[in-house]
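An overview of the molecular structure
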Amino acid sequence: MTTFNDDFVQLHLILGVSRIPLIVLDLEWPPPERLVIELDDNGDGSFREAVEGDTGVLVRTSMSGLSDEARAGTEHIARGARYDYEDLL
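Residues numbered from 1 in each chain as written. Predicted model: local features only at pLDDT ≥ 70, side-chain atom pairs only at ≥ 80, totals over all residues. Heavy atoms only, no water.

**Re the pairing of strand 2 (residues 16-21)**
This is how it is decided: A pair of strands counts as paired when DSSP detects no fewer than two bridges linking them. Numbering of helices and strands runs from the N terminus; a helix is a DSSP stretch of H or I covering at least four residues, while a strand is a stretch of E covering at least two.
Both strand 1 (residues 8-13) and strand 2 contribute to a ladder of six bridges, which runs antiparallel. Considered in strand 2, the bridge of Leu-11 is made with Ser-18. Here strand 1 hands over to strand 2 after two residues, the two strands then running antiparallel side by side.

Here's what the structure looks like:
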């Protein structure tokens with residue numbers, strides 16, 4: 001699969017909604033089904049695929065079905081994936 005510059009994740013977080021390009025998160029399309037945010041000692045966050053035992057997991061609840069070929073032929077359409085907290089579903 002190909003990751004385009006405007007592919008994004010939309011995170012429905014406790015304090016609001018954030019839409020972030022996949023390239024900023026160092027993720028590829030399609031993004032993982034489950035994500036977790038890790039904070040370092042400075043409070044900077046990074047994203048990774050969640051594993052068993054992780055807490056604060058975001059679950060992909062919907063995702064664009066547009067293929068690489070169909071997406072490559074468009075200029076004004078972006079692919080996205082929505083994530084919600086697993087514990088709130």
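**Points about the sheet that holds strand 1**
Applied cut-off: Interaxial angle, 0 to 180 degrees, is taken between N-to-C directions of lines fitted to C-alpha atoms, where a helix line uses only the stretch in contact.
Read across the sheet, six strands follow the order 2-1-6-5-3-4 without closing on themselves; strand pairing throughout is mixed. One side of each edge strand has no neighbouring strand; the edge strands of this open sheet are strand 2 and strand 4 (45-49). Within the sheet, the average angular offset between the axes of one strand and its neighbour, ignoring direction, is 30 degrees. In terms of strand pairing, strand 1 meets strand 6 (residues 80-85) through five bridges, oriented parallel. Paired with Gln-10 across the two strands is Arg-82, which belongs to strand 6.

Honestly, it's all geometry; don't read function into it.
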